[in-house]
Amino acid sequence: MKQSLKRALFAVALVFGLFLMVGCGNQQASSKQATTVKDGTYVGTSKGEGGTLKVAVTIKGKKITDVKTVETHETAGLGIEASEQLREAIVAHNSVNVDAVSGASKSSEGYLTAVKNAVKKSGAPLSLFMSKKKIALSKGLAKTDYTYDVVVIGGGGGGLAAAVTAAENGATVGLLEKQPNVGGNTAVSGGEFNVPGSDIQKRKGIKDSKALFISDTLKGGDNIADPALVTTLANNANSAYEWLKTDVNVRFHKDELLQFGGVSVPRAVVPVGGTGAEIVNKLQKKAKKLGVKIYTSTKATALTTASGKVTGVTATNTGKPVTFHATKGVVDAAGGFAANVAMRVKYNPKYDATYKTTAVAGATGDGIVMAQKIGAQLVDMKQIQTYPTSNPETGIISYVADARFSGAILVNQAGKRFVNESGRRDDISNAIMAQKGHYAYLVWGQEIEKLSKTTTTYKKEFNGLKSSNLLAETNNVKSLADAFDIDATTLSNTVKTFNGYVKAKKDPDFQKSAAFTSIAKGPYYIEKVAPSTHHTMGGIKINTNAQAIDTKGQVIPGLYAAGEVTGGIHGTNRLGGNAICDIIVFGRIAGAQVTKD
Ligand code: ADP
């Protein structure tokens, strides 16, 4: 290229660049026009919520043209999604002066700091990329009306599975999620999925069957669940798991199976990472690939009907009303109501505010209320499950305490065992609530740690529990007791007696039914735990096609429901590993059915 032409183009580019900068409110830029910034990609590091965060920032012509995440340990569906929103804003406005994503402030700060550190490496003054006004993230939707074949309410596992399936069947899909990020309770769950007859069970030689799954599930819920729904669950569990692996690319540990309380054999497959984030992430990726439009920060407020058929959803986005028309139907997958104290108390006064919750903020029962308003029948609403071993201060589920599944025992303030630790969640929770202070201590040593590896798999939680004085790691049982003011002799005797039961594989005191592992090798662990509301078993009555049923027992045309928003599948008590099974199986059924009808 001729020098003169180059110069002319440079002048045009400079004027255009200045115009862009002024246009996006970057007032500082005009005074810095003489600053030279070397084009290139620069790496910046910082600490996010989950650990090291590394980004690569590309600068071309004094503009940030791209930000790529190189390393992240943030929570999928929350921290990861937050960085995506920040990235968009940074690139769109050529500014690193951007608002944090609400609900993900630590991840946001970490991300913004990493980008700033990268920018500094370019040698340019940061002020060049700092708009005077902080960039607000929420822009609001462009239109007040949208039309899709299928509208899905809720971006947890159930909603995403329904959306992906409907899109796979050729439908256009709009998914509404009231939080800034998809994920719901699914993302923060352990992600374990009960699959009778899985490839892993076969490899391990574990005998299981659909019939055993059905009888475990019915028995575990005190035989009040709808047998037809439970049979559907059992019949479709394996294909749903295979679908997640092959179609959606969800990675599961190849040789790991968990056996939850009330389940006859090790049955639960475990996603990589040990949380539902892997499932949500991959479903979201697949949904986007299939063209599903995901509207975050968009809260469904009511179902619209015409001549008795559900025709869409009214919603709000940035405080403004917006209508979503659904030509084929609406899938309600808005989750349960464990985080809504008023609703909990309305249906079961026992679960008042003295119970904290493991549930995410979005679990407020909106989908149940909306459906009931248009005539849906609700079932089992008083059945609320608590998770027995949660953080007594935050209510959040403790995954470190999953050491229980490998044999950790529960003791009370007196240092005595009081329950079968391998029993049902409701039995263990009730037993803990009956102890002084409504809390208990989980105790284990290296033999159990070797099997469960929870202190290393959930290192972040482990360190957090330690610094909040909710967990102690010591070299002998006496100092274990001292850490929480428990009588050391009593605790030592409890552990000694229990080790005898392990040898005999028989627990005459509480009939422990599984996971007999001794507690004889230090370092030992003791963790304070308490029950939190976890899962609401009640909700919208559905049939085996995931069609919502009205108070007269008739199908409500155009309304489908899947996941925790529904009732009738788990009876009085949901077994561990059956929630993910439920949301994927019925999410897929709802997504397929809505495209058929
Ligand atoms: P499930 O396991 O049944 O999929 P989740 O709790 O994982 O349930 O997901 C339900 C999702 O629905 C949550 O992300 C929650 O924020 C969302 N949600 C709840 N109420 C509404 C609403 N009114 N509008 C849009 N999304 C909602």
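Residues numbered from 1 in each chain as written. Predicted model: local features only at pLDDT ≥ 70, side-chain atom pairs only at ≥ 80, totals over all residues. Heavy atoms only, no water.

Some details on the overall build of the chain
In terms of helices and strands, the chain carries 19 helices and 22 strands. Computed over its C-alpha atoms, the radius of gyration of the chain comes to 26 Å, within 12% of the 25 Å expected for a compact globule of 597 residues. For the chain, the spread of C-alpha atoms along the principal axes amounts to about 95 × 65 × 45 Å. Considering only contacts in the chain between residues 6 or more positions apart, those separated by 24 or more positions represent 72%. Within the structure as shown, the chain displays about 24,500 Å² of accessible surface, and the carbon and sulfur contribution to it stands at 54%. In the chain, the 72 positive side-chain charges and the 48 negative ones have mean positions that sit 7 Å from each other. (Helix = DSSP H or I, 4+ residues; strand = E, 2+ residues; numbered from the N terminus. Rg over C-alpha atoms; globule rule 2.2 N^0.38 Å. Contact = heavy atoms within 4.5 Å. Areas by Shrake-Rupley, 256 points an atom, 1.4 Å probe, with all protein chains shown as cover. Lys, Arg positive; Asp, Glu negative; His and termini not counted. Charge placed at Lys NZ, Arg CZ, Asp CG, Glu CD.)

What to know about the environment of Ala167
On the secondary structure map, Ala167 appears in helix H5 (residues 157-168). The exposure class of Ala167 is buried, given its relative accessible area of 10%. Ala167 sits 424 residues away from Gly591 along the chain, and the two C-alpha atoms are 8.1 Å apart. Apart from residues no more than four positions distant in its own chain, Ala167 is found in contact with Val173, Leu290 and Val292. (Buried < 20%, exposed > 50% of the residue type's maximum accessible area, 1.4 Å probe, protein only.)

Quick look at the site of the ligand
Near the ligand there are 26 residues, and of these Gly158, Glu177, Thr186, Asp366 and Glu564 occur at the shortest range. Take Lys178: an N or O atom from its main chain is 3.1 Å from a nitrogen atom of the ligand. Burial of the ligand by the protein amounts to 98% of the accessible area it has alone, namely 580 Å². Elements represented by at least two residues in the shell around the ligand include exactly H5, helix H6 (184-188), strand S10 (298-306) and helix H12 (366-373). (Near = heavy atom within 4 Å. Polar contact = N/O pair within 3.5 Å; in protein donor to acceptor, adjacent residues only side chain to side chain.)

Notes on the sheet that holds strand S19 (residues 539-541)
Here we have three strands laid out as an open sheet, ordered S13-S19-S22, and mixed in their pairing. Taken across any chain shown, the strands that pair with only one partner, and hence form the sheet edges, are strand S13 (378-379) and strand S22 (566-567). Bridge count between S13 and S19: two bridges; the pairing is antiparallel. When the sheet's bridge partners are listed, Val379 is paired in S19 with Gly539. (Pairing = 2+ DSSP bridges.)

Observations regarding the domain arrangement of the chain
For interface size, the figure often reported is the accessible area lost on association. We note that the domain assignment places domain 1 (40-129), domain 2 (145-190 + 210-254 + 270-383 + 537-596) and domain 3 (386-532) within the chain. Once you take the C-alpha centre of each, domain 1 and domain 2 turn out to be 33 Å apart. If you look at the interface, domain 1 gives eight residues, while domain 2 gives seven residues. Carbon and sulfur atoms make up 46% of the surface buried where domain 1 meets domain 2, a total of about 650 Å² over both sides. At the junction of domain 1 with domain 2, the criterion picks out zero salt bridges. Joining domain 1 to domain 2, the criterion identifies zero residue pairs in polar contact (both at pLDDT 80 or more). Residue composition of the side of domain 1 that touches domain 2, grouped by class: four nonpolar, three polar and one charged. (Domains from an automatic or database assignment. Buried area = accessible area lost by both parts, 1.4 Å probe. Salt bridge = Lys/Arg side-chain N within 4 Å of Asp/Glu carboxyl O. Nonpolar A, V, L, I, M, F, W, Y, C, P; charged D, E, K, R; others polar.)

Quick word on the pairing of strand S3 (residues 63-71)
For a regular strand, the rule is simple: side chains alternate between the two faces of the sheet. Looking at chain direction, strand S2 (residues 52-60) and S3 are connected through seven bridges and run antiparallel. The partner of Val57 across the bridge, within S3, is Val67. Taking the residues between adjacent antiparallel strands as the criterion, S2 and S3 are bridged by two residues, where Gly61 takes a positive phi near 55 degrees.

Side note on unusual backbone geometry
Cis peptide bonds are those with omega within 30 degrees of zero, and the linkage from Gly522 to Pro523 qualifies with -5 degrees. Examined against the element boundaries, Pro523 turns out to sit in the loop between helix H18 (488-504) and strand S18 (524-536). One non-glycine residue, Ser307, lies in the positive phi region at around 50 degrees. Structurally, the position occupied by Ser307 is in the loop between S10 and strand S11 (309-317).

A short note on the pairing of strand S4 (residues 145-153)
Counted residue by residue, S4 has seven buried out of nine residues, so it is predominantly covered. Relative to strand S5 (residues 173-176), S4 is paired through four bridges, and the arrangement is parallel. Its bridge partner being in S5, Val150 is matched across the sheet by Val173. For the crossover that starts at S4, traverses H5 and ends in the parallel S5, the hand is right-handed. (Right-handed = clockwise from strand over helix to strand, strands pointing away.)

Digging into the confidence of the model for the chain
For the chain, per-residue confidence averages 91 on the pLDDT scale, and 93% of positions sit at 70 or higher. For residues 1-33, every residue scores under 50 in pLDDT, and the model assigns this stretch 26 contacts once sequence neighbours within four places are set aside. (pLDDT = per-residue confidence, 0-100.)

Structural notes on the nonpolar core
Among the nonpolar cores identified, the biggest contains 90 residues, and Phe193, Leu244, Ile584 and Phe586 are the most heavily contacted of them. Grouped together as the second largest cluster of nonpolar side chains are 53 residues, Phe405, Leu471, Ala481 and Leu491 included. (Core = buried A, V, L, I, M, F, W, Y, C linked by side-chain atoms within 4.5 Å.)

Quick word on the environment of Gln179
Take Gln179: it is sitting in the loop between S5 and H6. When the C-alpha atoms of Gln179 and Ala163 are compared, they prove to be 17 Å apart, with 16 residues separating the residues in sequence. Apart from the residues within four sequence positions on either side, Gln179 is in contact with Thr296, Ser297, Ala361 and Gly362.

Notes on the pattern of salt bridges
Overall, the coordinates contain 16 salt bridges when judged by the stated rule. The salt bridge involving Arg87 is made with Asp66; its shortest N-O contact spans 2.8 Å. Of the two residues, Arg87 is situated in helix H3 (residues 79-93) and Asp66 in strand S3; the sequence distance between them amounts to 21 residues. Note on Asp66: relative accessible area 18%, which makes it buried.

A look at H18
Given a rise of 1.5 Å per residue, 17 residues ought to cover 24 Å, and the 25 Å separating the end C-alpha atoms of H18 matches this to within 8%. Within the sequence span of H18, burial applies to Ala488, Thr490, Leu491, Thr494, Val495, Phe498, Asn499, Tyr501 and Val502. Buried residues belonging to H18 abut strand S15 (409-411), strand S16 (440-444) and helix H17 (477-483). (Expected span 1.5 Å × (residues − 1).)

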